[in-house]
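The residues making up each chain are set out below.
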Amino acid sequence: MAKIRGLVALGLALAWLAPVHAKPNANKLCDQADAYFKQGKIRECMQKYAEALEADPQCARAYAARGALTSEAAEGALARGDQATAVNYYQAGLSDLSKAIRYDPKDAMSYANRGTCYYRMSDFPKALNDFNCSLAIKPSGQVYGSRAGCYTKLKRDKDAIADYTKAYSLGHNANFLFNRGNAYLRLNQKDKARADYEQALRESKDPRVIAGAKNNLQALKEGSQQLPTTAPNRPR
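Let us look at the structure shown here. Being a predicted model, the structure only gives us computed values, none of them experimental.

So, about the overall build of the chain. When helices and strands are counted, the chain shows 12 helices and zero strands. The order of α-helices and β-strands along the chain, N terminus first, is α-α-α-α-α-α-α-α-α-α-α-α. Out of the 236 residues in the chain, the part that is buried amounts to 49%. Only carbon and sulfur atoms are counted for the fraction: they give 50% of the accessible area of the chain, which is about 12000 Å².

Below, the discussion takes up the environment of Asp 130. Structurally, Asp 130 can be placed in helix H7 (residues 124-137). A residue is classified by how much of its surface remains accessible, and Asp 130, at 1% relative accessible area, is buried. Expressed as a C-alpha distance, the spacing of Asp 130 and Arg 147, which sit 17 residues apart in the sequence, is 9.1 Å. Of note is the side chain of Asp 130, whose polar atom sits 2.6 Å from the side chain of Arg 114.

Looking at the secondary structure, you find Thr 165 in helix H9 (residues 157-171). With a relative accessible area of 34%, Thr 165 lands in the partly exposed category. Each C-alpha atom, one on Thr 165 and one on Arg 180, is 7.6 Å from the other, the two residues being 15 residues apart in sequence.

With 13 residues, helix H8 (residues 141-153) should reach 18 Å at 1.5 Å per residue; the first-to-last C-alpha distance of 19 Å fits that figure. Among the 13 residues of H8, 11 are classified as buried, and the element is accordingly described as predominantly covered. Taken together, the buried positions of H8 are occupied by Gly 141, Val 143, Tyr 144, Gly 145, Ser 146, Arg 147, Ala 148, Gly 149, Cys 150, Tyr 151 and Thr 152. As for H8, its buried residues are in contact with helix H6 (108-120), H7, H9 and helix H10 (174-186). Put simply, Ser 140 is the residue that caps the front of H8, since its side-chain oxygen is 3.3 Å from the backbone nitrogen of Gln 142. Note on H8: the residue one or two positions beyond its end, Lys 155, has a positive phi of about 60°.

What counts and what doesn't
- Residues numbered from 1 in each chain as written.
- Predicted model: local features only at pLDDT ≥ 70, side-chain atom pairs only at ≥ 80, totals over all residues.
- Heavy atoms only, no water.
- Helix = DSSP H or I, 4+ residues; strand = E, 2+ residues; numbered from the N terminus.
- Buried < 20%, exposed > 50% of the residue type's maximum accessible area, 1.4 Å probe, protein only.
- Areas by Shrake-Rupley, 256 points an atom, 1.4 Å probe, with all protein chains shown as cover.
- Polar contact = N/O pair within 3.5 Å; in protein donor to acceptor, adjacent residues only side chain to side chain.
- Expected span 1.5 Å × (residues − 1).
- Contact = heavy atoms within 4.5 Å.

Printed below as a string of structure tokens:
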């Protein structure tokens, strides 16, 4: 979760692939919820997940998917500037994702999605712990990138560089190069920062990354002492 944003898309993908620990009726209701989701009928989708949880209060699949959807609703509220609603949605998402983990502790994506909620709420130590758990279960380029963002917030740029390198090797996303360049710059490794910006500029189709790379390269060329433009570094 036209374009489904990564948080929800990945959460539901894992729900389909993960071992199923729900009662048959709950599974059937989750299947119906998934079908509604693919049709873009989010209200009906959420209702079916609620029915699945009534049928089986320990249905990890329903908690994981509903938590991902609720967290995505928080993203929309943030985009509208509605901080209070976003916090409420994130808290609801945290509750569902925590239950998903309780009933299926090997669900890597629920840890990743819960880590993203903690990150959005600026609880970076808890986010880092969840990303660590997710990566221990199943390595993922996106989650390495998310953990790198936590390291950046915690002022651990060397660790962030290592994770952005892993993330790029698994996904070849130019955003990772751009943000790694920023980490190099904060460590005053300007040649490495310049190389990352130049490569990001060649590879990226994201207008934010393209503009940021151009600005940062220009700042380096001019010898600016001000930290150049940074790209959005939030997990996705």
